[in-house]
Amino acid sequence: MKNEYDNETFFNQYAQMSRSREGLAGAGEWHQLKEMFPPLAGKKVLDLGCGYGWHCEYAAEQGAAQILGIDLSERMIAEAKKRNTNERITYRVSDLENYEYPEETWDCVISNLALHYIESLNNVYRNVYRTLNPGGTFLFNIEHPVFTAREGQDWIYDEKGNPMYWPVDEYFYPGRRHTRFLGCDVEKYHHTLTQILNGLIRNGFEIEWVEEARPSEDMMQIPDMKDEMRRPMMLMVRAKKKEEICHAGR
Ligand SMILES: C[S@@+](CC[C@H](N)C(=O)[O-])C[C@H]1O[C@@H](n2cnc3c(N)ncnc32)[C@H](O)[C@@H]1O
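In every chain, residue numbers begin from 1 and rise along the written sequence. Two thresholds apply to this predicted model, a pLDDT of at least 70 for residue-level local features and 80 or more for giving and counting side-chain atom pairs, whereas whole-chain, interface and lining totals are computed over all residues.

1. Describing the sheet that holds strand β11 (residues 234–241)
Next, step 1: Strand pairing requires that DSSP identify at least two bridges connecting the strands. Helix and strand assignments follow DSSP, with helices taken as H or I runs no shorter than four residues and strands as E runs no shorter than two, numbered in order from the N terminus. The 7 strands lie next to each other as β3-β2-β1-β4-β5-β11-β10, forming an open sheet whose pairing is mixed. Unpaired on one side and paired on the other, β3 (89–93) and β10 (205–212) mark the two borders of the sheet. Strand-to-strand twist in this sheet, taken as the mean axis angle between neighbours without regard to direction, amounts to 15°.
Next, step 2: Contact between two residues is assigned when their C-beta atoms, built from the backbone, lie within 7 Å. Interaxial angle, 0 to 180 degrees, is taken between N-to-C directions of lines fitted to C-alpha atoms, where a helix line uses only the stretch in contact. Each of β1 (44–48), β4 (106–112), β5 (132–143), β10 and β11 is contacted by helix α6 (residues 121–131), which is oriented at about 145° to β5, the strand it contacts most.
Next, step 3: Sheet strands touched by helix α8 (residues 193–202): β5, β10 and β11. Its angle to β10, the strand with the most contacts, is close to 160°.

2. Focus on the nonpolar core
Next, step 1: For this entry, the nonpolar core is defined as buried Ala, Val, Leu, Ile, Met, Phe, Trp, Tyr and Cys residues connected by C-beta atoms within 7 Å. We call a residue exposed when 12 or fewer other C-beta atoms sit within 10 Å of its C-beta, buried when the count reaches 20 or more, and partly exposed for counts in between; the C-beta positions come from the backbone. Core analysis: the biggest nonpolar cluster contains 56 residues, and Val45, Ala59, Ile67, Val109 and Phe138 have the highest contact counts within it.
Next, step 2: Residue contacts for Val109: discarding those within four places in its chain leaves Leu46, Leu48, Val128, Thr131, Leu132 and Phe138.

3. Brief notes about the environment of His31
Next, step 1: Structurally, His31 can be placed in helix α3 (residues 30–36).
Next, step 2: On the basis of neighbour count, His31 is assigned to the partly exposed category, with 17 C-beta atoms found within 10 Å.
Next, step 3: Separated by 182 residues in the primary sequence, His31 and Ala213 place their C-alpha atoms 9.2 Å from one another.

4. Re the pairing of strand β9 (residues 184–190)
Next, step 1: One ladder, built from 7 bridges, connects strand β8 (residues 175–181) with β9; its direction is antiparallel. Along β9, the bridge assignment pairs Thr179 with Val186.
Next, step 2: The hairpin turn running from β8 into β9, its antiparallel successor, is 2 residues long, and Leu182 in that turn takes a positive phi close to 55°.

5. Notes on the packing of α6 against α8
Next, step 1: Two elements in contact, α6 and α8, have axes separated by 10 Å at closest approach and are oriented at 30°. The angle between the axes of α6 and α8 places the two elements in the roughly parallel class. Handedness of the crossing formed by α6 with α8: right-handed. Seen from α6, the contacting residues are Leu121, Asn122 and Tyr125; seen from α8, they are Gln195, Ile196, Gly199 and Leu200.
Next, step 2: Each residue receives one of three labels: charged for Asp, Glu, Lys and Arg, nonpolar for Ala, Val, Leu, Ile, Met, Phe, Trp, Tyr, Cys and Pro, and polar for the others, Gly being one of them. Split by residue class, the contact of α6 with α8 holds 4 nonpolar, 3 polar and no charged. Each angle is binned into one of four classes, with values under 35 degrees roughly parallel, values over 145 roughly antiparallel, values of 65 to 115 roughly perpendicular, and all other values oblique. For any helix crossing, the convention is left-handed if the near helix is rotated counterclockwise from the far helix by under a right angle, and right-handed if that rotation is clockwise.

6. Structural notes on unusual backbone geometry
Next, step 1: Of note, the phi angle at Gln153 is positive, near 45°, even though the residue is not glycine.
Next, step 2: As for its placement among the helices and strands, Gln153 is situated in the loop between α7 (145–148) and β6 (156–157).
Next, step 3: Notably, Glu170 is not glycine yet its phi reads approximately 55°, a positive angle.
Next, step 4: Its place among the elements puts Glu170 in the loop between β7 (163–165) and β8.
Next, step 5: C-beta crowding within 10 Å serves as the criterion here: with 13 such atoms nearby, Glu170 is assigned to the partly exposed category.

Pasting the structure below:
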């Protein structure tokens, strides 16, 4: 499977982002996502698409007993092993679509900004449900369907290069999108809001908390940050594994 995070040019560009240089403090969504974490003391945590391992490190700081971070990219895992080491964290190069998801093993599964690289959310939901202990938490942040809908995923600009508006198109055609990100061609997947939320419900989760990323007051001084108030870029969801799957409704 092709993953741009192992492409040297892309990897080096990613390393320049504030989320890579500063960690969670440099991630625009962190002030919201942080609030959504359940208590982690003594818990077993799995991070799908862990990248540099910032959230694994956070889980360790919160007292999690065992943490596994998996990522498809060898470069990202190598970086995680350099930057966020803790005796309770294990990192593994693994495609999150092929991880074995052992039954009733983890108390909390997190995934930050990796699931829009996955074609079948339904498979992920089914696997995460299986691997969570009853009552366990699935907390993820995925690019927002308003952001991912249109091929290209960019503003429409005026002749001076100012963003005029964010176009939404082809919304009800989920699937592959060719985009430019950090100067490289990157393939992502668009999922509708119905797929993201109803998919959880149909796979036995109870949705507990939903947030759309927006900058905090103190971030508004950062250049271009005001544009983040014009359309949602990320969707964060916290869901709980229910004891029994309810197949009612579509
Ligand atoms: C935007 S980065 C986010 C990294 C990390 N979760 C964070 O928030 O700092 C997306 C990550 O998803 C990983 N990824 C993409 N597709 C994947 C897959 N199929 N299996 C595992 N990891 C994947 C990439 O290698 C990359 O490290």
